[in-house]
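For reference, the chains in residue letters:
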Amino acid sequence: MQNQQYIPAQKLLIPADKKIILVGGCFDVIHFGHLRFLEQAKEMGDYLVIALESDEHILHYKHRIPVHKQTERAYNLNAIRHVDNVIMLPFLHDFKDYLQLVQTIKPHIIAITNNDPQMINKQKQADVINAQLIIVTNIIEPFSSSTIIKNNFT
């Protein structure tokens, strides 16, 4: 298990001899739904990489301060046995930035949940590198970081 800081245009340490699965997200308050998703994603291949969004991303897109800083979220994720590598992202601005990330990692599979709001963009990214986009699980209700935060911190 390892953490890496993603710097665009720099190489990442990703094994070439493994079937790579890429997932992305904030993982701010890890819950049962996250654990099931990561477990099922790992079953798709050999090496699970998490592209971990920045604190700024949470602030900008989720309109809240993260409960855990990115380094703390990376630490928590690395404690999960299904996770092989956590890539800590800077604030990525657009499709081009995420496409560059996917081209750097070169996963065989991009794993998502059903109703992923970025499904269309992730399919385009998968197509560029000849990867598969696979829905590994539905969103498991009532587990949601936003709901947990709202119910416990407000």
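Right, let's walk through the structure included here.

### Some words on the packing of aromatic side chains
Then step 1. Scanning the model with the defined rule gives one aromatic pair in all.
Then step 2. Here Tyr61 and Phe91 contribute two aromatic rings whose centre-to-centre distance is 6.3 Å and whose plane-to-plane angle is 20°, an arrangement assigned as stacked. In this pair, Tyr61 is assigned in helix α2 (residues 55-61) and Phe91 in the loop between β4 (85-88) and α4 (95-105), connecting sequence segments 30 residues apart.
Then step 3. Judged by its relative accessible area of 41%, Tyr61 is partly exposed.
Then step 4. On the accessibility criterion, Phe91 (16% relative accessible area) is buried.

### Section: the pattern of salt bridges
Then step 1. The final tally for this structure, using the stated rule, is five salt bridges.
Then step 2. One salt bridge in this structure joins Asp28 and Arg64, with 2.7 Å as the shortest N-O distance. Of this pair, Asp28 sits in the loop between β2 (20-25) and α1 (32-42) while Arg64 sits in the loop between α2 and α3 (70-78), placing them 36 residues apart in sequence.
Then step 3. The partner of Asp55 in a salt bridge is Arg73, with the nearest N and O atoms 2.6 Å apart. With Asp55 in helix α2 and Arg73 in helix α3, the pair connects residues that are 18 residues apart, well separated along the chain.
Then step 4. Among the residues examined, Arg73 registers a relative accessible area of 0% and is labelled buried.

Thresholds applied
Residues numbered from 1 in each chain as written. Predicted model: local features only at pLDDT ≥ 70, side-chain atom pairs only at ≥ 80, totals over all residues. Heavy atoms only, no water. Phe/Tyr/Trp six-rings, centres within 6.5 Å; stacked < 30°, edge-to-face > 60°. Helix = DSSP H or I, 4+ residues; strand = E, 2+ residues; numbered from the N terminus. Buried < 20%, exposed > 50% of the residue type's maximum accessible area, 1.4 Å probe, protein only. Salt bridge = Lys/Arg side-chain N within 4 Å of Asp/Glu carboxyl O.

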